[in-house]
Every structure is written in C-alpha cells, then in structure tokens.
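Secondary and tertiary structure notes
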Amino acid sequence: TLPYPGTMASLDLGKLLLIAGLILAVVGGALIIGRRLGLGQLPGDVSGSAGNVSFYVPIVTCIVISVVLTVVLNIVLRLRG
C-alpha cells in the first residue's frame, strides 16, 4: 500500500529529498567556486581534439581535490573522535 500523507514513510521521503537538494546545492556551489579558482585548467590536465571528437582528462584536478578532501575529512574525524 502507498503511504498516506503524514505517515512516517512520507516524512522520511521528505527528509531524504531535502538532504539530496542540499547536497546538490553544495556540489553546484563548489563547482562554481572551483572553476573560478582554476580547477579544471591546471597544468597536467590533459585535453585534445581531432575533428568532431574531443576529450578532457582532469588528472591533476582530481589529485588536488583528493588531497584536499583527505585533509579535511581527517581533521573533521580527529575533532569528532
């Protein structure tokens, strides 16, 4: 049976949608800020094109993001525990 409005299942779905929306907003903001800081245009990011085909491999950008997230998560987890 489908949950009726006001039941626990609909409240859980509402919370899930709210959290998903907030995550999307944060990711979107990070992409805008990252682009302004030069992420995606770092030396070592590989791109090329031939005719109608083009490719882009942001190797250095991925490494920078990985290092930053690792440091931030380590700091957060050390402060929590």
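See above for the structure.
These notes cover the structure that comes with them.

Procedures and definitions
Throughout, a residue's number is its position along its own chain's written sequence, starting from 1. In keeping with the predicted nature of the model, local features appear solely for residues at pLDDT of at least 70, side-chain atom pairs appear and are counted solely at 80 or more, and the whole-chain, interface and lining totals rest on all residues. Hydrogens and water are ignored here; the side-chain numbers use all heavy atoms of the structure. Counting from the N terminus, the helices are DSSP H or I runs at least four residues long and the strands are E runs at least two residues long. We compute the radius of gyration over the C-alpha atoms and compare it with the globule rule, which gives 2.2 Å times the number of residues raised to the power 0.38. Note on classification: 1.4 Å probe, protein chains only; a residue is buried when its accessible area is under 20% of the maximum for its type, exposed when over 50%, partly exposed between these limits. Two strands form a pair only when DSSP identifies at least two bridges running between them. When charges are counted, Lys and Arg contribute as positive and Asp and Glu as negative, whereas His and the chain ends are disregarded. Counted as salt bridges are all cases of a side-chain nitrogen of Lys or Arg within 4 Å of a carboxyl oxygen of Asp or Glu. Distance and chemistry together define a polar contact, namely a pair of N or O atoms within 3.5 Å, with one atom able to donate a hydrogen and the other to accept it when in protein, and with adjacent residues in sequence counting only for side-chain atoms on both sides. For this analysis, residues touch if any pair of their heavy atoms sits within 4.5 Å. Surface patches are defined over residues having more than 30% relative accessible area and no salt bridge, joining like charges when they lie within 9 Å and nonpolar side chains (Val, Leu, Ile, Met, Phe, Trp, Tyr) when within 5 Å. Shrake-Rupley sampling with a 1.4 Å probe provides the accessible areas, and residues are treated as covered by the protein chains on show and by no other component.

1. Structural notes on the overall build of the protein
The helix and strand inventory of the protein stands at two helices and two strands. Along the chain direction, N to C, the helices and strands of the protein fall in the order α-β-β-α. By the compact-globule yardstick of 12 Å for 81 residues, the protein is too spread out, its C-alpha radius of gyration being 20 Å. Viewed in the frame of its principal axes, the protein has a C-alpha envelope of about 55 × 45 × 20 Å. Counting every position in the protein, which comprises 81 residues, the buried fraction comes to 6%.

2. Some thoughts on the pairing of strand S2 (residues 53-57)
Looking at chain direction, strand S1 (residues 46-50) and S2 are connected through five bridges and run antiparallel. Directly across from glycine 48, in S2, lies its bridge partner phenylalanine 55. Counted between consecutive antiparallel strands, the loop separating S1 from S2 contains two residues, among which glycine 51 sits at a positive phi close to 65 degrees.

3. Comments concerning the side chain of aspartate 45
Within the secondary structure, aspartate 45 sits in the loop between helix H1 (8-36) and S1. At 7.3 Å, arginine 35 is the nearest oppositely charged side chain to aspartate 45, a buried residue that forms no salt bridge. A polar contact is formed between the side chain of aspartate 45 and the side chain of tyrosine 56, at a distance of 3.4 Å. Once you skip the residues sitting within four places of it in the chain, aspartate 45 turns out to touch Gly40, Tyr56, Val57, Pro58, Ile59, Val60 and Thr61.

4. Details of a nonpolar patch on the surface
On the surface, Val46, Phe55, Val57, Ile59, Ile63, Val67, Val71, Ile75 and Leu79 cluster together into a nonpolar patch covering about 810 Å² of accessible area. Elements with a contribution of two residues or more to the nonpolar patch: S2 and helix H2 (59-80). If one sorts the elements of the nonpolar patch by residue count, H2 sits on top with six residues. Position of valine 57 relative to the elements: it lies in strand S2.

5. As for the environment of leucine 31
Structurally, leucine 31 is set in helix H1. In sequence terms leucine 31 and leucine 11 are 20 residues apart; their C-alpha atoms lie 30 Å from each other.

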